[in-house]
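# Geometric and topological summary
Given next are the chains, with one letter for each unit.
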Amino acid sequence: MSKQLGFLHSSEKCVGCRGCEMACKNEYQTDAAPRWRQVFQLHEERYSLPTRMFFSIACNHCANPQCLKVCPVGAYTKRDDGIVVHNRDRCIGCRLCTMACPYDRPQFNHAKGKVEKCNLCYQRLDQGEKPACVAACIPGALELVEITAELDQKLGVLKTLPGLPTPALTNPSIRFIGPKQGKQIRRD
Amino acid sequence: MLAKHQHICPRNCYDTCSLISTTYNGVLLSVEGNPAHDYTKGKLCPKAMSDIQKVYSPSRIRYPMRQRHRFSGDWERISWDEALEQIARTILRLKRTHGSTLPLALNKYSGNFGALHNAMEALFSGIGPTTRAIGSPCWSAGVDAQTIDFGRFRCSSPLDMAHAKLIWLWGVNPAWTAIHQMPIIFDAMERGTTVVCFDTHLSATAARSHRFIQVRPGTDGLLALAMGKVLAEENLLDPDLPNYTLGYHDFLAYLDSEIRVERAATITGVEADTIRDLAREYGQTHPACIWAGFGLQRYTNGGQTLRAIDALGALAGHIGEKGGGVQYGHFETWKFSGLGHTEPSQAKANPVVGKNPSDRALNINKFAAAALACTEPPVRMLWLAGRNPLSQDADLHLWQKLMNQLEFIVVSDLFLTRSAAAADIFLPVTTHYEHWDLHASYWHYWVGVNEPAIAPVGESKSDLEIAWRVSAKLNELEPGSCTFPTSGSEKETLLRELSPELLRLLRLQSPKEILLQPLKANLPPASWAQRQFATPSGRFEFRSEKAVQAGFPALPSYSPPLSPPPEAPLRLLTPHHSSALNSQSYPPDTIPNGYTLYVNPELAESYGLNEGAPAEIANDLGAVRVRLAFDLSIPRDVVIVYQHPAELKDSCLNVLLRSHTTDMGTIATGAPGLALNETFVCLRRLTGSVQRLSPNP
């Protein structure tokens, strides 16, 4: 593998609008229920102050993808740029991958009886475009990045957030900029 | 075949985005932002991104329908001709019976803000003097306040906020309601700008600001006055005040004699030291911008609150500053010719158009009570367009009474809303992908054309087309009974809507040039830069004769908001959520399962209620079932429900709402606004699984 592409998400900038979710759904005209990308609110109790902060995750295109490992029919492949691609033609809908993924990102489509997930818009990337979710993000909270040692050394770049599974499981290709808390002058 | 068309999002929203749709063989395929727009920059919120689902929603009504009995749900499909015939015959019969057209009432507002949607007003004007809902449920008090202080209601370009070194977001939550402002604010923060957010609760915007200042609801005006007093005490006043303001001595004397910082601290809930620190920072930082939201003026003292904030901006010398000012909104680009009124002189700097001078004007916020009180002649027929009052208005018990008394009700809409349940005739309307229109924003300076991309879904028709057809039917049955045109071209009509003044603002030689792309009006990016104001004195008016004439105090001053009655001790706030807009939810067809009440855990504990517990909020008007969620940032005297639609079978939040009105609003919008944040409730524990709730409105 020559490199590992992934996402950098800033909880500081993400306002929880779910534009990325919808942009993904628009791009792939997915059915109503599956969410290849999904926005969650951060668990407030994990911080000293109420945060109103969100994070947005899709497939993390893990360095050590469990979906790929457990798939009995070889529907998963990992590209040279690190993107984990799911081949729907091969998928038999056994849902082993949905059980194996600690992030719950392979989505089972009940209507089609198959799994589907984020492919990091590789067809857009191959044409020099940004992934649909990244292109749609209004406050600029979501970026496409190459996961490198330099990135991990940058101040404020986190490998996980409170409430997420330990990255040791799959080594996910996502990094976070956690919430910076301002001063809250509240009344009783 | 693939085709692209340009649109403008018609929702009542700050951002008024420019859209580009793609169709394939006449079917809508995708919607994207238009990158040519320097504010929305080609990006959309999920509301617009779910438009395709809305356009082709299985719940959308595609044919005219007649209901056999109101609220029965016993609908039958009818033809347009049958619908128009029944509408026109009823209009003519009521006119004959009462010898007047005043029994005909129109209640329309912002379901679609396009200029051609004013066809409904123009149709009614063409019939004769009629009964009209006037004013605005939204922003009236603040508009009046700014009109009094500056002489005219306008704001800087939202891009101008980028120049501020200090941004005060006061009662506004752009993260959820004006999302395109967020990158401007974030970029400024990255350049070192300090952002302070004042609000009643910790909003998503407040959480991202350097400081969140929690203010007791309805006391923001006092907080502004107290900070003004600090500016005066600490010699932080703009030395140029004598040159461009009127009455500042009187105002300073008022601050000196009437305002005590310590007392203000007790009332507002913001400590005196914090008030002083904030005032110093605001007085010493240039440029400093205040963005005042709509929520803070939805109180019985709302106009005075905004006047106090304007005055604070003036005292510190921030008015007219590049990157400064007190921003609220504007009408500057809403210079439409006025449909049906071919005289351009009648074009108003106000989205309220097409008013006949002999109309019977009823405040939109007290419409049901006022319509019930009309006797000479009574209101007999009501047409609702772009409105869902049985979900969104106050006094729902009176609305119910009105709906039961009326002889004939027409609702034109996309969906069978709560209000449509009262209709005798339902007319299906088009979305902004199916008609021509012209749109301006009340926040940025862009004006643009909306093109049809697809044929109307089903038999739906635009408001303009409906108005033509009603006029045609009226004239067929009784020649001369309606002066509104009976047919025409939507595109030509929209081109005529560009008044000479709007053409000048857009630097256009001919109206047709607007068809190419949306355009930004030629307005100075920072308002009042020359400090020449549109007031009678030409100055910023701390003391206003216009205010006195309208029955308001001459000076910005503080009067307290309403206090809760003992039996309903909690103030209910109902801010917008990012996934809903009034009674519209997103994605369409997904209505949240019941209301969630956000409360302070200690408050819940005092009622013996746990998180997730079913409970009821109630007052003398009604009761609504809720589920509790804890939020540490909410004070113990306030409870919050984020506004969203409810299933028709459930009681809706507005059963709790009484039509308290704001102090101001009559000068610029014709009527006072709705003081909806002056709603008080008690919290009740629900025991047993089945609880009798108040009947549906």
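Residues numbered from 1 in each chain as written. Chains lettered and ligands numbered in written order. Predicted model: local features only at pLDDT ≥ 70, side-chain atom pairs only at ≥ 80, totals over all residues.

### Notes on the overall build of chain B
Applicable threshold: The helix count covers DSSP runs of H or I at least four residues long, the strand count covers runs of E at least two residues long, and both are numbered beginning at the N terminus. When we talk radius of gyration, it's over C-alpha atoms, and the globule rule is simply 2.2 Å times the number of residues to the 0.38. Using C-beta atoms placed from the backbone, we call a residue buried if 20 or more other C-beta atoms fall within 10 Å of its own, exposed if 12 or fewer do, and partly exposed for counts in between. Any pair of residues counts as being in contact when their C-beta atoms, constructed from backbone geometry, are within 7 Å of one another.
When helices and strands are counted, chain B shows 23 helices and 29 strands. Against the compact-globule benchmark of 26 Å for 697 residues, chain B has a radius of gyration of 25 Å, which places it among compact chains. Counting all 697 residues of chain B, 61% fall into the buried class. Pairs at least 24 apart in sequence give 75% of the contacts found in chain B among residues at least 6 apart.

### A word on the overall build of chain A
In terms of helices and strands, chain A carries six helices and eleven strands. Relative to its length of 188 residues, chain A is compact, with a C-alpha radius of gyration of 17 Å against a globular reference of 16 Å. Taking all 188 residues of chain A together, the buried fraction comes to 44%. Long-range contacts, defined here as pairs at least 24 residues apart, represent 63% of the contacts in chain A between residues at least 6 apart.

### Quick look at the confidence of the model for chain B
All names here are of chain B. Quick note on the threshold: Values of pLDDT, which run from 0 to 100, indicate the predictor's confidence residue by residue.
Model confidence for chain B is summarised by a mean pLDDT of 94, while 96% of its residues fall at 70 or above. In this model, residues 341–353 is a region of pLDDT below 50 whose contacts with residues beyond four sequence positions or in other chains number 26 contacts. When the criterion is pLDDT under 50, residues 689–697 qualifies, and its contacts beyond four places in sequence or with other chains add up to 17 contacts. Across the interface, the model reports ipTM at 0.86; the global pTM reads 0.93.

### Describing the domain arrangement of chain B
Size of an interface: often given as the accessible area lost when the parts come together. Residues and elements named next belong to chain B. Test applied: The source of the domain bounds is an automatic or database domain assignment. For this scheme, ten residues count as nonpolar: Ala, Val, Leu, Ile, Met, Phe, Trp, Tyr, Cys and Pro. Four count as charged, namely Asp, Glu, Lys and Arg, and the remainder, Gly too, count as polar.
When cut into domains, chain B gives domain 1 (2–55), domain 2 (65–137 + 335–520), domain 3 (140–330 + 528–549) and domain 4 (570–659 + 665–685). Relative placement of domain 1 and domain 4: their C-alpha centres are 31 Å apart. Listed by partner, the interface residues are seven residues for domain 1 and four residues for domain 4. Going through the elements one at a time, α1 (46–49) and α2 (51–55) are the ones with two or more residues in the side of domain 1 that touches domain 4. When its residues are assigned to classes, the side of domain 1 that touches domain 4 shows two nonpolar, two polar and three charged.

### A closer look at the environment of Y248(B)
Residue and element names in this part refer to chain B. With respect to the secondary-structure elements, Y248 resides in helix α11 (residues 248–258). With 23 C-beta atoms counted inside 10 Å, the residue Y248 sits in the buried group. Taking C-alpha positions, Y248 is 22 Å from A292, a pair spaced 44 residues apart along the chain.

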